[in-house]
Amino acid sequence: MKKLKTLLALVIATSLTLVGCCQKAAEEPKKEEENPFEKVAALYEEQINGHEEIDFAIDSYGSENATYMYEYAFVNMNDDDIPELLIGKTDESFGVKYIKVFYYDKESNKLLPPTETIQIGVAGTGGFRADVVASNKKDGLLLNQGSGMNGQFEIARINLDIKEDGTIALKNTTLQEYILGDDVEIETDSEGVTINWYAIDDLSALEQLKAGKLDLNKEAEENAESQPKEETEKPKETGVAVDNKTIFQGTLKYLSYNEVLELQGIEDPNAGYADTSEKFALLVFDNEIDVTAESGDGTGSYTEKAKMIKLPNFADAANYNGKEMKVKITSMFWPSDTSLPLSQPYALEGEYEIVE
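Cut-offs applied
- Residues numbered from 1 in each chain as written.
- Predicted model: local features only at pLDDT ≥ 70, side-chain atom pairs only at ≥ 80, totals over all residues.
- Heavy atoms only, no water.
- Helix = DSSP H or I, 4+ residues; strand = E, 2+ residues; numbered from the N terminus.
- Buried < 20%, exposed > 50% of the residue type's maximum accessible area, 1.4 Å probe, protein only.
- Contact = heavy atoms within 4.5 Å.
- Areas by Shrake-Rupley, 256 points an atom, 1.4 Å probe, with all protein chains shown as cover.
- Pairing = 2+ DSSP bridges.
- Salt bridge = Lys/Arg side-chain N within 4 Å of Asp/Glu carboxyl O.
- pLDDT = per-residue confidence, 0-100.
- Arc of directions from axis to C-beta.
- Phe/Tyr/Trp six-rings, centres within 6.5 Å; stacked < 30°, edge-to-face > 60°.
- Lys NZ or Arg CZ within 6 Å of the ring centre and 35° of its normal.
- Core = buried A, V, L, I, M, F, W, Y, C linked by side-chain atoms within 4.5 Å.
- Lys, Arg positive; Asp, Glu negative; His and termini not counted.
- Polar contact = N/O pair within 3.5 Å; in protein donor to acceptor, adjacent residues only side chain to side chain.

A. A look at the overall build of the protein. Within the protein, the secondary structure is distributed over 5 helices and 18 strands. Sorting the 356 residues of the protein into buried and exposed places 41% on the buried side. Of the contacts formed within the protein by residues at least 6 apart in sequence, a portion of 58% connects residues at least 24 apart. Accessible surface computed for the protein: about 20,500 Å², of which carbon and sulfur atoms make up 47%.

Have a look at this one:
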């Protein structure tokens, strides 16, 4: 009987111990898995907020009162789980965007910025043109750059070159060279992916990265709240008075290279090296007017007689051909080269709009 009581006591004690352990295990909260994106997102946010302190190693080629627009983007350049941060600074008076790349080093938990700066855009002078896209192979960036003056272009791959001493550089490898206007197949067309840029004060993409939900394959409009404020459509102004300072009235003409020569009544000043396949959207006036615009060499503004104004990359220009309209222009330059239309001013892309 004594042995039975001892056995029962042991069974009860064991049961209570097991129940207690189970309750304790149930009460203990599960340890949350560490979010690998939180650390890098914090560093990226600090860099985004301090964008005005970034050294882009540039000087403004526009007016002394040049204004800048800042944007940021994420691109996977080296096929790891952390995308690189790009910060862009656009000189709105000159039409060129300068880009810095920031690489996250996991071992040091620091950002490593290469000293080099990438330049893209269409320069107000000199014929410089360039664009950059991401690689769908997560193999760097693809840069297409050249001169609209001589038509010589090249496509280069930009990779991160991580040095043994912990520094990082941008390595450019030329993939293809071609002449603008030639019937050539661009070898990287199927690889290039448009980079989604976000206004510097729109942190929606950063929040998506922090939550591990950023989809780099989505178009910008598919990402919630991703559109830069500058892209918001504004209602067209009506009844605007023509002042020939910012508001101009004329007939839109969409012409070929040779048709521009005929319109101006001149011989080709660029014979032998011009891109004669280029199309031109021109706002042509009934009579010559005085136009004040910035000098193409950055020395200031001056006023000259003009018969027309070039409107670069005019969307749907063919459908406006021959129509009279009023155009608001906020930034305009006199050319410093012999590009067409010869000696006539041109607006910067994105710095003009039809108002009536």
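B. Molecular detail of the pairing of strand E6 (residues 128-135). Alignment of strand E5 (residues 118-122) against E6, held across 2 bridges, turns out to be antiparallel. For Val122, the partnering residue across the bridge sits in E6 and is Arg129. Pairing of E6 with strand E7 (residues 141-147) involves 7 bridges; the strand directions are antiparallel. Opposite Ala134, over in E7, you have Leu141 as the bridge partner.

C. Region of interest: the pattern of salt bridges. The final tally for this structure, using the stated rule, is 8 salt bridges. Note that Asp81 is salt-bridged to Lys106, the shortest N-O span being 2.9 Å. Here Lys106 lies in the loop between strand E3 (96-105) and strand E4 (110-112) and Asp81 lies in the loop between strand E1 (68-75) and strand E2 (84-91), a separation of 25 residues in the sequence. Across the pair Asp139 and Arg157 runs a salt bridge whose closest N-O atoms are separated by 3.6 Å. One end of the pair, Asp139, is in the loop between E6 and E7; the other, Arg157, is in strand E8 (residues 152-162), with 18 residues separating them in the sequence. Arg157 sits in the buried class, given a relative accessible area of 12%. Each of Asp139, Arg157 and Glu191 takes part in one network of salt bridges that share partners.

D. Spotlight on the environment of Glu349. Along the chain, the position of Glu349 falls in the loop between strand E17 (346-347) and strand E18 (352-354). Residues Glu349 and Pro312, 37 residues apart in the sequence, show an inter-C-alpha distance of 5.7 Å. Beyond its immediate stretch of four places on either side in the chain, Glu349 contacts Pro312 and Asn313.

E. How the structure looks around the confidence of the model for the protein. Looking at the protein, the pLDDT average stands at 80 and 77% of residues meet or exceed 70. In this model, residues 220-238 is a region of pLDDT below 50 whose contacts with residues beyond four sequence positions or in other chains number 35 contacts.

F. Helix H4 (residues 257-264), seen in detail. All of the buried residues along H4 are Tyr257, Val260 and Leu261. Viewed along the axis of H4, the buried residues span an arc of 100°, placing them on a single side of the element. In this structure, H4 carries Asn258 and Glu262 as exposed residues pointing more than 90 degrees from its buried face. Where H4 is buried, its residues meet strand E12 (247-256) and strand E13 (279-294).

G. Focus on the packing of aromatic side chains. Counting across every chain of the model gives 11 aromatic pairs. In this arrangement the basic side chain of Lys279 is found over the ring face of Tyr254, its NZ or CZ atom lying 5.0 Å from the centre. It is Lys323 that lies over the ring of Tyr320; its NZ or CZ is 5.8 Å from the centre.

H. Representation of the nonpolar core within the structure. Judged by nonpolar contacts, the single largest core of 25 residues is most densely connected at Tyr44, Tyr72, Phe74, Leu85, Ile87 and Leu206. Broken down by secondary-structure element, the contributors of at least two residues to this core are helix H2 (36-49), E1, E2, E3 and helix H3 (204-210). Broken down by element, the residue count for this core peaks at 6 residues, all from H2. Here Phe74 is in contact with Tyr44, Pro83, Glu84, Leu85, Ala205, Leu206, Leu209, Leu214 and Leu216, once residues within four sequence places are set aside.

I. Local environment of the side chain of Asp337. Position of Asp337 among the secondary structure elements: in the loop between strand E16 (332-333) and E17. No salt bridge is formed by the buried Asp337; its nearest oppositely charged neighbour, Lys310, is found at 8.2 Å. A polar contact is formed between the side chain of Asp337 and the side chain of Ser339, at a distance of 2.6 Å.

J. Highlighting unusual backbone geometry. Following Leu340, the chain continues to Pro341 via a peptide bond in cis, the omega torsion being -5°. Turning to its location among the elements, Pro341 is positioned in the loop between E16 and E17. In the Ramachandran plot, Asn313 falls in the positive-phi region, its phi being about 50° despite a non-glycine side chain. By secondary structure assignment, the location of Asn313 is in the loop between strand E14 (301-310) and helix H5 (317-320). Non-glycine residue Ser343 carries a positive phi angle of around 60°. Its place among the elements puts Ser343 in the loop between E16 and E17.

K. Structural context of H2. Those residues of H2 lying buried are Phe37, Val40, Ala41, Leu43, Tyr44 and Ile48. For H2, the buried positions fall inside an angular range of 165° around the axis, keeping them on one side. Across H2 from its buried face, at more than 90 degrees, point the exposed residues Glu46 and Asn49. Along its buried surface, H2 packs onto E1, E2, E3, E4 and H3.

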